[in-house]
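# Tertiary structure, described
Letter by letter, the chains look like this.
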Amino acid sequence: MTFVESETNPLPRAEGRGATDDPVVALRCAASGVELALPLGARRWILGSRGGADLELADPYVSGLHCVLERTGARAPLTVRDRGSRNGTFIDGIPVEHAPLRPGALLTVGRTVLVAVTARSRGRRTAYEQLRGADPALVAARDQAVRVAQTDCSVLIVGETGTGKELLARLIHERSRRQAQPMVAVNCGAIPHELIGSELFGHERGAFTGAATERDGFFVEADGGTLLLDELGELPRELQPHLLRALETRRIRRLGGASERAVDVRVVAATNQLDGLGTEASPLRLDLYHRVATVVLTLPPLRERKGDLPELVAELMAAHAPQFGTKVVGDAAWDTLYGYAAGGNVRELAHAVARAMAFGGAVLGPDDFLPPGQRLAATRRAARARPRRRRRAGRTRGLPPAPRRARPAAVRAPGARRHGRRAPALSVDPRRRGVSRHAEVDLRRQGPGLGHPA
C-alpha cells in the first residue's frame, strides 16, 4: 500500500470548545478588566501573590507561588499546573492539578477570576464579565451556570424582567462545548400565536396561506448550538405538548411536512412568571416544566442586591464616558437611585444612567436620572421598602398600659351624663386597671368580687 500525501484526507477539525486555533495571549481579571500579557513563544510563568512571581496578584487568598502557566511552543496550548496552593486552582469551577487553559476559560485562584483571552477577543468582554455584582445570590447563580455549562442538561432561568436572564444564558453557551456553534434567542411572547409552530419547527411550501417558500425553524437554525426560549410562560398551552415532544425526542417535523428531522440542540428556557411556577396554577404545563427544569437558576431582582448598586452605576457610567465625558453622582442622586432600585431592575437602571449621562452636568442630580413624576414614585417605593418599626415588648394591641397610680381608680357609673350632674364613683378592683371596654363586659359576667354589685 503506497502512501500518497496529496490523496490523504485530513482529520476533521474538532468542534465545540477549543475549536479555535488562536492561542491564549493574556489573562484578564473579570472584576477590574486588567490584563496580564502572556507573549507567544515557549515560556513559563509563575502566578502568585509573592513579589518574585511573574504574574503577581494582590489577593490574600492566593498563595505566594500559586500555580505555573506553561507554553511549549509559539502555537502550543497553554497549560496550568497547581503548585500545591492552599486554596486550589480551578478552571471553569472544576479543581485541577494539571490541565490545558483554552480560550474563554475561567481560571480561578483565590478570589480572583481570570478570563483566558486571545488576540481577537481582546477588548470584547464575555457574558461572565458583564454579569457584575458581588451579591451572594447572583454569585451563586453565576457559578452554577459555569458548572452546568459542562453538561447538556436543560436549564430554566427564573427572574423578573431586566435581571439578566439572556446574559446568563449566553454565559452557559460560551462555556459549553457548543460555543463555536450558533446561539439562537427566541422571545416566545413576541411571536403571534398562529405563527409559533412555524417559527419553532419551520414549514413546507403551501403549508398555510402565505407560505410561498419553505423555511427552517429556530430548532434547525440552532442545530449543534444553543436555543434560548425566552418568556416560555407566554407560550400557548395548546402548543406546549409539541414543544415537549421535540425536547424529548430531539426530532422535529415542519408544518405540512411528511418526515421528521433529528436536531442536536441544547435548550435553555427563561421565564419571568414566578407565581405558581411548578404547580397546576402556572401557565407552564407541569410535564413541560419538569422537562426544561433539570437545573433551575434564579436571578435576584435589583431591590434585593442594592449593595451592588455603586458598582453597577460606575460600570454603566464608564460605558458612556467616551461619548459624554467623566461625571460624578451627587449625594441627592444616590438617594434617588437607591429608591429607584426598590422597584426597577438593571435594565431600567441602565436607561436612567444613559439619560443622566446624556443630559446631566458635571455633577449629576436626581432630576438627571429620573423625571419628577418617576422620582416621586421612586421615593414612595423606597418608603414602602423600609422595614416597619417593631412594637416594643410588653405592649399588646387593644390593651393600654396600666396606670401608675396604686390606689383604685374611679369610673363613671353607667348611664351618667358626661357634663352637668356629677356621677357617683364606683370602686374598681386593681386587677381591672387598663382593661378595655369590651373586656369590661366579660368581667361583669364573671360575678361578684370585681367591683360590680351582684
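Everything in this summary refers to the structure shown in the same document. (Residues numbered from 1 in each chain as written. Predicted model: local features only at pLDDT ≥ 70, side-chain atom pairs only at ≥ 80, totals over all residues. Heavy atoms only, no water.)

## Let's talk about the nonpolar core
Across soluble globular proteins, you tend to see nonpolar side chains buried next to one another. Counting residues in hydrophobic clusters, the biggest one holds 31 residues, and the most contacted among them are Val186, Leu200, Phe219, Leu227, Leu229, Leu232 and Leu243. Looking at this core, the elements that each hand over two or more residues are β12 (155-158), β13 (183-187), α4 (196-201), α5 (218-221), β14 (226-230), α6 (240-249), β17 (266-271) and α7 (286-292). The greatest single-element share of this core, amounting to four residues, is contributed by α6. Those residues within four positions of Leu200 in sequence are excluded, and the remaining contacts are Val186, Gly217, Phe218, Phe219 and Leu229. With 28 residues, the next largest nonpolar core counts Val115, Leu131, Met183 and Ala270 among its residues. (Core = buried A, V, L, I, M, F, W, Y, C linked by side-chain atoms within 4.5 Å. Buried < 20%, exposed > 50% of the residue type's maximum accessible area, 1.4 Å probe, protein only. Helix = DSSP H or I, 4+ residues; strand = E, 2+ residues; numbered from the N terminus. Contact = heavy atoms within 4.5 Å.)

## Some words on the sheet that holds strand β3 (residues 43-48)
Sheet strands associate in pairs through backbone hydrogen bonding, adopting either a parallel or an antiparallel arrangement. With mixed pairing, the five strands of this open sheet are ordered in space as β4-β3-β5-β6-β9. The open sheet has two edge strands, β4 (55-56) and β9 (98-101), and neither has a second partner. Of the strand pairs in this sheet, strand β6 (residues 78-82) and β9 are connected by four bridges, and their pairing is antiparallel. By the bridge assignment for β9, Val80 is matched with Ala99. (Pairing = 2+ DSSP bridges.)

## Details of the packing of aromatic side chains
Following the criterion strictly, the structure yields two aromatic pairs and no others. Look at Phe201 and Phe219: their rings are 5.7 Å apart centre to centre, the planes differ by 20°, and that puts the pair in the stacked class. Here Phe201, found in helix α4, pairs with Phe219, found in helix α5; they are 18 residues apart in sequence, far enough to count as distant. On the basis of relative accessibility, which here comes to 1%, the residue Phe219 falls in the buried class. Between the aromatic rings of Trp334 and Tyr338, the centroid separation amounts to 6.3 Å while the plane-to-plane angle is 45°, which identifies the pairing as tilted. Taken together, the residues span about one helical turn, with Trp334 and Tyr338 both in helix α9 (residues 331-340) at a distance of four residues. Between the NZ or CZ atom of Arg111 and the centre of the ring of Tyr61, over which it lies, the distance is 4.1 Å. The aromatic ring of Tyr128 is capped on one face by Arg142, whose charged end is 4.9 Å from the ring centroid. (Phe/Tyr/Trp six-rings, centres within 6.5 Å; stacked < 30°, edge-to-face > 60°. Lys NZ or Arg CZ within 6 Å of the ring centre and 35° of its normal.)

## Things to note about the sheet that holds strand β18 (residues 295-298)
An order of β13-β14-β17-β12-β18 is seen for the five strands of this open sheet, with the pairing classed as parallel. Each edge of the open sheet is held by one strand with a lone partner, namely β13 and β18. Strand-to-strand twist of the sheet, defined as the mean angle between neighbouring strand axes without regard to direction, takes the value 20°. Pairing of β13 with β14, which is carried by five bridges, proceeds in the parallel orientation. Looking at β14, one finds that Asn187 is bridged to Asp230. (Axes fitted to C-alpha atoms, helices over the stretch in contact; angles between N-to-C directions.)

Scope: geometric values only; no functional claims are made or implied.
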